Amino acid sequence: LSRTADARVSDLIDFIQLSLSDNSKACFGAFFGMGLMVKNLASRSELSGSNPSKVWRRRTIQRLLGIFMTEFDACLSESNSTVRELVDCLKMGESSDDLLCMCEEIDLSILVGVDQKFKSILIGLAHTFFALSAINVKLMKCVACTLIKLPWGSGKGFIMHNAYKACLDAEMFQQEDLSNAILDCTDVLRKAIADGSDMICSDALFALASLCSLSTANVQTETSLVVETIQKVLSDVSFGNDCKSISALAGCAIVGQVPGLTSFTPLAHQLVKKEVSLSVVKVLNETASNDSEELKCRDSATIGLGVLCAMKSSIRRVRKNRLVFEKTKQIDRGVDIEAIIQARDGSVLESILHEIQALLRMKSQHSHEDAAATNNKLSVLFSSLELIAMPGSFSRVIEMALSTTSRNDAEVKTSSVSLLISQLKSRRRIGFDGRGFVDLSTRLAKMPYQELTDLIGIGSLPIITKAIPDLLNQLPTSVCEGVLKNLWTLSQDEIIRNSSISSTEAFLLGLKKIMLDAVKNDPGSKQTISPAVLRALQKATIGYIFSDLCKNASPSNPVCMLNSENIWSSYIRCLEIIPVAVISESDVLKSEINLGNIYGIALCARVLSSMSGSSASNRTRKIETFIACQNYPGNSNNDIRVIDQIRAVLVTSLAIAPQPQSETEMKESVMNIFEIMLVQGVKTFGLELLAIKVAFWWESLHVNEQSSINVPVQRVTKLSSFLIAKNICFQFQSLPCDVLIQFYDACIADLPFKLALLCGRWRISDDVSNRAKRICNDGIRLRATTPKSEARRLENSLTCLRDIVQFMTGEMLF
């Protein structure tokens with residue numbers, strides 16, 4: 001298929017198009033051939049550009065796609081205007097403004113009697129998505145949305161895998177879209193089995209089997225459903241031959257890519273489990289050898305076994321090629337240490353280098369004995385070199401040690417990385433160029449998380465992130481920002497994948513050191529980092545770093561429950577150093593408060609208020625208003641989302657309560673919370689917020705040795721009075737949610753005594769008691785309609801409000 005054969009190719013396409021005029025014929029070979037032509041035309045090289053060959057290939061692909069969709073429209077019960085417009089756009093290679101919306105809302109039905117032809121069209125179209133993405137990704141999404149809107153049983157299961165894969169690769173779909181599709185397939189499949197609908201069952205089964213391999217989520221339940229359904233269909237005589245045949249292919253699709261349907265090459269999925277493969281092989285083997293089955297079913301099962309054998313063979317080829325490649329790389333990686341550095345004869349350094357050379361040669365031979373002793377020696381020798389300035393070419397030795405060490409040999413990997421970072425800190429010796437160490441560190445920082453941890457080990461990443469000051473000081477300004485972002489992304493990946501915050505802590509410590517060094521006013525010191533890099537670091541701190549911390553170091557993240565204090569303390573210290581002018585430019589810190597960022601904003605409220613010149617009370621008041629307006633969720637039934645919401649609000653209240661406030665500001669805060677509860681009702685977090693604020697204020701009177709209040713101390717010595725501390729939010733965020741609720745219950749139980757005495761001192765008893773009475777009366781009216789699961793909290797709140805009124809006015813409400 002080349003431009004020099006233009007006439008012959010055009011004649012061939014004309015002949016194929018002519019053969020499609022009869023709707024009664026399936027024409028599978030024509031549609032499959034067109035799909036193969038489109039794939040080959042697109043796979044030779046890029047389609048963009050004005051090169052005559054590329055222009056010809058692009059136009060030919062557009063013509064073939066137009067034929068596909070024209071025949072698609074001819075098979076519909078009624079010609080569709082959206083499909084016709086899509087055909088025109090495909091021929092031009094451009095999408096109209098509203099085409100996508102039309103495709104997403106399209107309603108299609110298939111003409112009776114064209115089932116086989118329509119499935120042939122879909123199988124051919126499944127192989128055109130790669131070409132579509134090269135021509136126009138918006139058009140590709142339009143075609144995908146149109147095909148996905150087809151009714152189940154039409155054969156759309158054959159195109160689901162390629163449609164979603166192409167859109168995911170082009171970022172036109174997200175993993176959430178794929179999850180919804182898998183959920184829809186699951187529901188349709190279960191309903192079809194219950195209703196006994198063969199066509200819909202086989203269609204949804206193949207779609208679900210092929211989509212599971214694309215998901216990054218845990219699809220074990222869906223995979224088990226596929227295997228169970230295949231076993232049921234192939235063993236149940238009530239299902240037809242066509243349904244059984246497609247079920248056999250679905251068994252192959254759950255294991256890998258089916259040649260001719262989802263790809264042209266049989267290739268097993270990397271993450272497919274051995275138990276799944278064995279289950280599929282077993283059921284196909286039983287069907288193929290069962291003489292009582294129809295011939296068509298036995299043939300389909302036999303073909304399926306052949307496909308699985310081809311997949312197994314492809315795995316062996318991939319593994320063999322990988323081993324050859326790794327072996328070649330190992331041979332090429334061999335380094336001669338004596339050629340890199342010449343140590344003085346008889347010196348200790350000479351002995352160390354000779355021993356390292358011998359150990360590395362032993363490690364390159366996989367069959368050597370006592371690998372543990374070799375690794376231990378190499379680790380000790382590397383550690384002994386950390387205080388010596390080595391030439392930059394010695395980085396090749398470190399790289400070889402990392403590459404030839406298995407992932408389980410953490411000791412060698414850690415000592416190798418430590419040696420590398422130590423060379424970034426060392427003073428360079430005359431004639432020694434340290435750029436090799438900088439280059440290796442930069443390459444490591446730019447690697448994806450999984451590849452990096454395979455190379456350096458999981459525990460070595462914090463060593464690199466903590467060395468940010470030493471690394472950035474030696475990098476060009478144009479590279480620093482990218483390296484910083486890569487290292488931060490790696491540290492967040494460590495939280496998500498390995499539930500560890502060590503790299504994030506180390507990163508923020510390094511960032512804090514850079515900023516502290518930059519603001520030192522020592523006239524004799526040399527500026528170690530350029531102003532442009534420093535400004536980029538400051539913008540990153542108040543930008544994506546803050547956003548990621550709000551997401552990954554929040555109370556709802558169990559990974560960071562125990563150690564987030566160090567993370568936030570380092571971050572707040574960095575924030576204090578950043579100039580006000582830079583902070584004022586940040587859109588992230590000025591964004592609307594929501595449950596996702598409220599914890600971070602609460603922790604940073606005091607610093608941001610003091611730096612921006614605004615009243616700390618104003619910023620604190622906004623956070624308190626948001627908390628007090630949040631409705632307390634009802635019966636959670638252990639719903640993790642509800643529990644996370646409760647935890648986020650309660651821990652944020654602990655974070656905002658210690659913010660320093662004057663007596664006037666405290667009075668205004670109390671009145672503000674009561675005003676909110678008057679409007680929102682008693683079923684909010686208002687009482688919890690008020691109770692914890694009063695508890696902090698009460699304790700601060702004694703801590704700061706302010707004028708004491710002559711009150712009977714025994715009336716206010718419950719649990720809450722012993723647990724108040726400035727950084728209580730960090731200590732309490734690791735507690736289970738029900739324990740947090742118990743603590744707040746204790747604070748609410750103490751609230752009436754403390755609040756009555758404080759309001760008497762502030763001369764606002766009448767105003768507070770009036771509001772508390774009205775809120776309580778409104779709450780009493782809710783008793784009859786409140787579910788049993790929420791009744792206990794409502795009674796506690798009403799009791800608290802009743803006691804507040806009683807202590808202030810002597811009136812008994814109930």
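Treat the numbers as computed from the prediction; the structure is a model and nothing was measured.

**Focus: the overall build of the protein**
Within the protein, the secondary structure is distributed over 38 helices and two strands. For the protein, the residues scored as buried account for 51% of the 814 residues in total. A sequence separation of at least 24 residues applies to 73% of the contacts in the protein between residues at least 6 apart.

**Digging into the confidence of the model for the protein**
Taken as a whole, the protein shows an average pLDDT of 80; of its residues, 83% reach a score of 70 or greater. For residues 320-333, every residue scores under 50 in pLDDT, and the model assigns this stretch five contacts once sequence neighbours within four places are set aside. Within the model, the stretch residues 702-723 combines pLDDT values under 50 with 29 contacts to residues more than four positions away or in other chains.

**Brief notes about the environment of Leu678**
Structurally, the position occupied by Leu678 is in helix H33 (residues 663-680). Beyond its immediate sequence surroundings of up to four residues, Leu678 is in contact with Arg771, Arg774 and Ile775.

**Considerations on empty space enclosed by the protein**
On inspection of all chains with the given rule, the structure shows one cavity of 30 Å³ or more. The computed volume of the largest cavity comes to approximately 70 Å³. Looking at the largest cavity, the residues that line it are Lys119, Gly153, Gly155, Gly157, Phe158, Met199, Ser202, Asp203, Phe206 and Ile246. Of all the secondary-structure elements, those providing two or more residues to the lining of the largest cavity are helix H9 (157-169) and helix H11 (198-211). Among the elements that take part in the lining of the largest cavity, H11 stands out by supplying four residues, more than any other. Residue classes in the lining of the largest cavity are distributed as four nonpolar, four polar and two charged.

**Focus: the nonpolar core**
With 138 residues, the main nonpolar core has Trp568, Phe674, Leu755 and Val768 as its most contacted residues. Beyond its immediate sequence surroundings of up to four residues, Phe674 is in contact with Leu690, Leu755, Val768, Arg771, Ala772, Ile775, Leu801 and Ile804. Formed by 108 residues, the second largest nonpolar core is a distinct cluster that contains Ile135, Leu178, Ala204 and Ala253.

**Some thoughts on the packing of H9 against H11**
One way to put it is that H9 packs onto H11 with a least axis distance of 7 Å and a crossing angle of 25°. Of the possible angle classes, the one that applies to H9 and H11 is roughly parallel. Here the hand of the crossing between H9 and H11 comes out right-handed. Note on element contacts: H11 touches H9 through Asp203, Phe206, Ala207, Ser210 and Leu211, opposite Gly157, Phe158, Met160, His161 and Tyr164. Per-class residue counts for the contact of H9 with H11 are six nonpolar, three polar and one charged.

**Description of the pattern of salt bridges**
Under the counting rule described, the total for this entry stands at 21 salt bridges. Across the salt bridge formed by Lys693 and Glu624, the nearest N and O atoms sit 2.7 Å from each other. One end of the pair, Lys693, is in helix H34 (residues 686-703); the other, Glu624, is in helix H31 (residues 616-629), and 69 residues separate them in sequence. Comparing Lys693 with Glu624 shows no difference in burial state: the two are buried. For Asp745, the salt bridge identified is with Arg792, shortest N-O distance 3.3 Å. Taken together, the residues Asp745 in helix H36 (residues 737-762) and Arg792 in helix H38 (residues 788-809) connect sequence positions 47 residues apart. Judged by relative accessible area, Asp745 falls into the partly exposed class, the value being 21%.

**Topic: the side chain of Lys119**
Assignment of secondary structure puts Lys119 in helix H6 (residues 115-125). Despite its burial, Lys119 pairs with no opposite charge, the nearest such side chain being Asp242 at 6.3 Å. Discounting residues that sit within four places of it in the chain, Lys119 has contacts with Gly153, Ser154, Gly155 and Phe158.

**A few points about H6**
With nine of 11 residues buried, H6 lies mostly within the body of the structure. All of the buried residues along H6 are Lys117, Phe118, Lys119, Ser120, Ile121, Leu122, Ile123, Gly124 and Leu125. Those residues of H6 that are buried are in contact with helix H2 (28-43), helix H3 (52-74), helix H7 (129-135), helix H8 (137-148) and H9.

**Let's talk about the environment of Gln538**
Residue position: Gln538 is located in helix H27 (residues 531-552). Put simply, Gln538 and Cys574 are 36 residues apart on the chain and 8.5 Å apart in space, counted from C-alpha to C-alpha. Each residue touching Gln538, except ones within four places of it in the same chain, is listed here: Met515, Ile578, Pro579 and Val582.

**Observations concerning the packing of aromatic side chains**
Under the definition given, this model contains 13 aromatic pairs. Each ring, one from Tyr632 and one from Phe685, has its centre 4.7 Å from the other, and the planes form 35°; the classification is tilted. Of the two residues, Tyr632 sits in the loop between H31 and helix H32 (640-656) while Phe685 sits in the loop between H33 and H34, which places them 53 residues apart along the sequence. Each member of the pair, Tyr632 as well as Phe685, is classed as buried. Three or more aromatic residues joined by ring pairs form one cluster here, namely Phe546, Trp568, Tyr571 and Tyr599. Directly above the aromatic system of Trp152 lies the positively charged group of Lys156, at a separation of 4.2 Å from the ring centroid. Directly above the ring of Tyr632 sits Arg793, whose terminal nitrogen or CZ lies 4.0 Å from the centroid.

**Side note on unusual backbone geometry**
Of note in this structure, Glu171 is not a glycine but carries a positive phi near 60°. Note on placement: Glu171 falls in the loop between H9 and helix H10 (175-195). On the basis of relative accessibility, which here comes to 64%, the residue Glu171 falls in the exposed class. A positive phi angle is found at Arg763, which is not glycine, with a value near 65°.

**Observations regarding the environment of Arg497**
In this fold, Arg497 is placed in helix H25 (residues 477-498). Along the chain, Arg497 and Tyr449 lie 48 residues apart, while their C-alpha atoms are 9.3 Å from each other. Only 3.5 Å separates the side chain of Arg497 from the side chain of Gln450, close enough to count as a polar contact.

**Some words on the side chain of Asn162**
Structurally, Asn162 can be placed in helix H9. Overall, Asn162 belongs to the buried group, its relative accessible area being 11%. Polar side-chain contacts of Asn162 include one of 3.0 Å to the side chain of His161.

**A look at the state of the cysteines**
Applying the stated criterion to the full structure yields zero disulfides. In this structure Cys185 is not part of a disulfide, and its nearest cysteine sulfur, from Cys212, lies 8.5 Å away. On the basis of relative accessible area, Cys185 is assigned to the buried category, the value being 0%. Of the cysteine sulfurs around Cys297, a residue in no disulfide, the closest is that of Cys243, at 9.4 Å.

**Thoughts on the packing of H27 against helix H28 (residues 564-577)**
Where H27 meets H28, the closest approach of the two axes is 12 Å, and the angle between their N-to-C directions is 160°. Between H27 and H28, the interaxial angle falls into the category roughly antiparallel. The handedness of the crossing between H27 and H28 comes out as left-handed. Between H27 and H28, the contacting residues are Thr541, Ile542, Ile545, Phe546, Leu549 and Cys550 on the first element and Ile567, Trp568, Tyr571, Cys574 and Leu575 on the second. Here the contact of H27 with H28 is composed, by residue class, of 10 nonpolar, one polar and no charged.

The rules we used
All residue numbers refer to positions counted from 1 along the written sequence of the respective chain. Local features are withheld for residues below a pLDDT of 70 in this predicted model, meaning they are given only at 70 or higher, and side-chain atom pairs are given and counted only at 80 or more; totals for whole chains, interfaces and linings count all residues. Each side-chain value is derived from all of the structure's non-hydrogen atoms; neither hydrogens nor water enter the calculation. Here a helix means four or more residues in a row that DSSP labels H or I, a strand means two or more in a row labelled E, and each is numbered from the N terminus. Categorising residues by exposure relies on relative accessible area from a 1.4 Å probe, with only protein chains included: less than 20% of the type maximum marks a residue as buried, more than 50% marks it as exposed, and the intermediate range marks it as partly exposed. Contacts are residue-level and defined by heavy atoms, with any inter-residue pair within 4.5 Å sufficient. A score from 0 to 100, pLDDT tells how confident the predictor is in each residue. For cavity detection a 1 Å grid was placed over the protein atoms alone, and a set of points counts as a cavity when a 1.4 Å probe fits there but cannot get out; an open set counts as a pocket when protein lies on both sides within 12 Å along at least five of seven lines, with lining residues being those that have an atom within 4 Å of a point. Grid points are joined across faces, edges and corners, and a volume is the space filled by probe spheres set on the points. Note that Gly is not counted as nonpolar here; it falls among the polar residues with everything else outside the nonpolar set of Ala, Val, Leu, Ile, Met, Phe, Trp, Tyr, Cys and Pro and the charged set of Asp, Glu, Lys and Arg. Residues enter a nonpolar core if they are buried and are Ala, Val, Leu, Ile, Met, Phe, Trp, Tyr or Cys, with the set joined through side-chain atoms within 4.5 Å. Every angle, taken between N-to-C directions, lies between 0 and 180 degrees, and every axis is a line fitted to C-alpha atoms, over only the stretch in contact when it is a helix. With respect to orientation, any angle under 35 degrees is reported as roughly parallel, any angle over 145 as roughly antiparallel, any angle of 65 to 115 as roughly perpendicular, and every other angle as oblique. Throughout, a crossing is termed right-handed when the near helix is turned clockwise from the far one, and left-handed when it is turned anticlockwise from it by less than a right angle. For this analysis, a salt bridge means a side-chain nitrogen from Lys or Arg found within 4 Å of a carboxyl oxygen belonging to Asp or Glu. The positive count covers Lys and Arg only, the negative count covers Asp and Glu only, and His and the chain ends enter neither. Side-chain rings of Phe, Tyr and Trp, where Trp is taken by its six-membered ring, are said to pair if the distance between their centres is within 6.5 Å; with planes under 30 degrees apart they count as stacked, over 60 as edge-to-face, and otherwise as tilted. Only lysine NZ and arginine CZ atoms are considered, and such an atom sits over a ring when it is within 6 Å of the ring centre and within 35 degrees of the ring normal. Each polar contact in these results corresponds to two N or O atoms within 3.5 Å; when the atoms are within protein, one needs to be able to donate a hydrogen and the other to accept it, and residues that are neighboring in sequence are counted only if both atoms are side-chain atoms. Note on disulfides: each one is a pair of cysteine sulfur atoms within 2.5 Å.

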